[in-house]
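Spelled out, the chains give:
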Amino acid sequence: INAEYMGLQCDGVSRACLVILNGFVVGENESGYVPFEIDITDFARPGEDNVLVVRCDVSLGEAWSYEGAGLYRHVRLVKTAPVHVRQWGATVRSTVSSAGAQVSIATEITNHGPAQTVRLRSTVIGPERQVLARLTSDSQALPAWSGTTVSQQALLPQPALWSLETPHLHRLVSEILIEDAVVDRDETRFGIRTIRFDPDRGFFLNDRPVKIKGTCNHQDHAGVGFAVPGSLHVWRLEQLQAMGANAYRSTHHAPAPAILDACDRMGILVMNELRQMSSDAEGLSQLDRVVRQGRNHPCVFIWNIGNEEIHRGPMY
């Protein structure tokens with residue numbers, strides 16, 4: 001291992017986990033459903049054996065249903081240059097008009113090292129793998145151990161819209177350059193579409209009325225329990241779509257990334273739901289991470305913090 005920033009990215013650990021690397025406590029996470037990242041740069045031993053322990057405490061559950069225990073979603077070791085695009089750091093928003101799609105890009109750059117001067121090159125790639133736009137920012141001065149957000153815009157004439165029938169997907173490739181050398185590269189999938197709710201006529205996708213026909217789905221699946229493989233998530237979505245469903249509610253929990261990716265590809269709407277409903281620091285941290293993870297997915301058309309709970313607090 002040879003990198004100047006190293007992190008562990010966990011998509012889901014059930015639950016209340018303590019992460020210990022080489023005998024040092026490097027982080028912890030409460031929710032079994034919400035993804036998290038831990039900086040392990042100071043504790044990793046490149047070129048040597050490393051011992052990673054993840055202790056999970058499921059004495060208290062998050063729900064009344066079966067929730068399993070342990071590492072049940074993917075874990076990734078990430079190594080980057082000190083200057084890099086933070087996890088879920090690129091955001092793409094679009095406004096569609098007769099002139100085309102005005103794409104607004106905001107990219108969060110983090111510097112985990114000495115001061116640097118960098119530029120950001122953003123490339124928008126269409127569904128047919130064609131380059132639709134290439135934008136290069138002015139030089140950005142990053143003080144040591146700091147961060148910045150770079151904003152860019154591009155007009156895409158005649159965009160291929162994401163819809164239930166034609167779920168066209170675009171890619172944003174973000175590259176950080178130091179003296180013309182690429183030191184970090186990040187890819188973000190997104191879709192171009194418009195959504196709105198009308199109090200009298202219902203939900204509209206790309207200015208066309210859509211009747212939402214969804215189902216409620218827990219994390220677990222018959223036969224395998226809580227640790228559901230990505231291929232089984234896709235199989236279940238295929239069965240739901242075949243019976244006429246066009247929407248998926250991740251009931252009582254933040255969905256696995258495999259579900260969001262599959263719904264993007266298959267043209268299925270998603271109600272993205274949060275397990276925690278508190279406004280304390282932990283609750284807001286979970287909300288921040290879930291929204292960051294899902295905000296570029298065109299399938300996500302609504303967010304839910306209601307969650308059917310008896311402990312939802314006063315109703316205003």
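Residues numbered from 1 in each chain as written. Predicted model: local features only at pLDDT ≥ 70, side-chain atom pairs only at ≥ 80, totals over all residues. Heavy atoms only, no water.

Topic: the side chain of Arg-275
We count it as follows: Only DSSP runs of H or I with at least four residues qualify as helices, and only runs of E with at least two residues qualify as strands; both kinds are numbered from the N terminus onward. The classification of residues rests on relative accessible area computed with a 1.4 Å probe and restricted to protein chains. Under 20% of the type maximum is buried, over 50% is exposed, and intermediate values are partly exposed. As used in this structure description, the phrase polar contact means that two N or O atoms lie within 3.5 Å; if the pair is within protein, one of them must be able to donate a hydrogen and the other to accept it, and residues adjacent in sequence are counted only when both atoms belong to side chains.
Examined against the element boundaries, Arg-275 turns out to sit in the loop between β22 (269–273) and α3 (281–294). Overall, Arg-275 belongs to the buried group, its relative accessible area being 6%. Within the local environment of Arg-275, its side chain forms a polar contact with the backbone oxygen of Glu-62, the two atoms lying 3.0 Å apart. A polar side-chain atom of Arg-275 sits 3.3 Å from the main-chain carbonyl oxygen of His-252.

With respect to the nonpolar core
Condition: Remark: nonpolar core denotes a set of buried residues (Ala, Val, Leu, Ile, Met, Phe, Trp, Tyr, Cys) joined through side-chain atoms within 4.5 Å.
In this structure, Trp-162, Leu-237, Cys-263, Leu-269 and Cys-299 are the most contacted members of the largest nonpolar core, which totals 24 residues. Elements represented by at least two residues in this core include exactly β18 (202–205), α1 (230–242), β21 (247–250), α2 (257–266), β22 and β23 (300–304). Considering every element that reaches this core, the biggest residue donor is α2, with five residues. Judged by nonpolar contacts, the second largest core, of 13 residues, contains Val-103, Ile-105, Leu-172 and Phe-190.

Side note on the pairing of β21
Operational definition: Think of it this way: DSSP has to see at least two bridges between two strands before they count as a pair. For a crossover, the right-handed case is the one in which the path from the first strand over the helix to the second runs clockwise, viewed with the strands pointing away from the viewer.
By the alternation rule, side chains of β21 split into Ala-247 and Arg-249 and Tyr-248 and Ser-250, which are all buried. One ladder, built from four bridges, connects strand β20 (residues 214–217) with β21; its direction is parallel. Following the sheet pairing, Cys-216 is matched in β21 by Arg-249. The handedness of the β20 to β21 crossover, carried by α1, is right-handed. Pairing analysis gives three bridges linking β21 to β22, with the strands arranged parallel. Each bridged residue has a counterpart across the sheet, and for Arg-249 the counterpart in β22 is Met-271. Taken together, β21, α2 and β22 form a β-α-β motif whose crossover is right-handed.

Notes on α1
Short version of the rule: For a helix, the expected span equals 1.5 Å multiplied by the residue count minus one. Should any heavy atoms of two residues lie within 4.5 Å, those residues are considered in contact.
With 13 residues, α1 extends 18 Å between its outermost C-alpha atoms, agreeing within 8% with the 18 Å of an ideal straight helix rising 1.5 Å per residue. Leu-232, His-233, Val-234, Arg-236, Leu-237 and Leu-240 are the residues of α1 that are buried. Buried positions along α1 lie against β20, β21 and α2. Of the residues flanking the end of α1, it is Gly-244, one or two places downstream, whose phi is positive at about 110 degrees.

As for the sheet that holds strand β19 (residues 208–209)
Strands sit in the order β17-β18-β19 across an open sheet of three strands; the sheet is antiparallel. A strand with exactly one partner marks an edge of an open sheet, and here the two such strands are β17 (195–198) and β19. Of the strand pairs in this sheet, β17 and β18 are connected by four bridges, and their pairing is antiparallel. Across the sheet, residue Ile-195 finds its bridge partner in β18, namely Leu-205.

A closer look at the sheet that holds strand β5 (residues 36–39)
For clarity, the threshold we go by: Angles run from 0 to 180 degrees between N-to-C directions of axes, and those axes are lines fitted to C-alpha atoms, restricted for helices to the stretch in contact.
Read from one edge to the other, the open sheet built from three strands follows the order β5-β1-β8, with strand pairing classed as antiparallel. The open sheet terminates on both sides in strands that have one partner only, identified here as β5 and β8 (75–80). Across the sheet, the axes of successive neighbouring strands diverge by a mean angle of 25 degrees, strand direction being ignored. Sheet analysis places strand β1 (residues 5–10) next to β8, joined by six bridges and oriented antiparallel. Bridging from a neighbouring strand, Cys-10 pairs with Val-75 of β8.

Digging into α2
Within α2, the full set of buried residues consists of Ile-259, Leu-260, Ala-262, Cys-263, Asp-264 and Met-266. Residues of α2 that are buried sit in contact with α1, β21, β22, α3 and β23. Taken from the residues just after α2, Gly-267 is the one with a positive phi, measuring 75 degrees.

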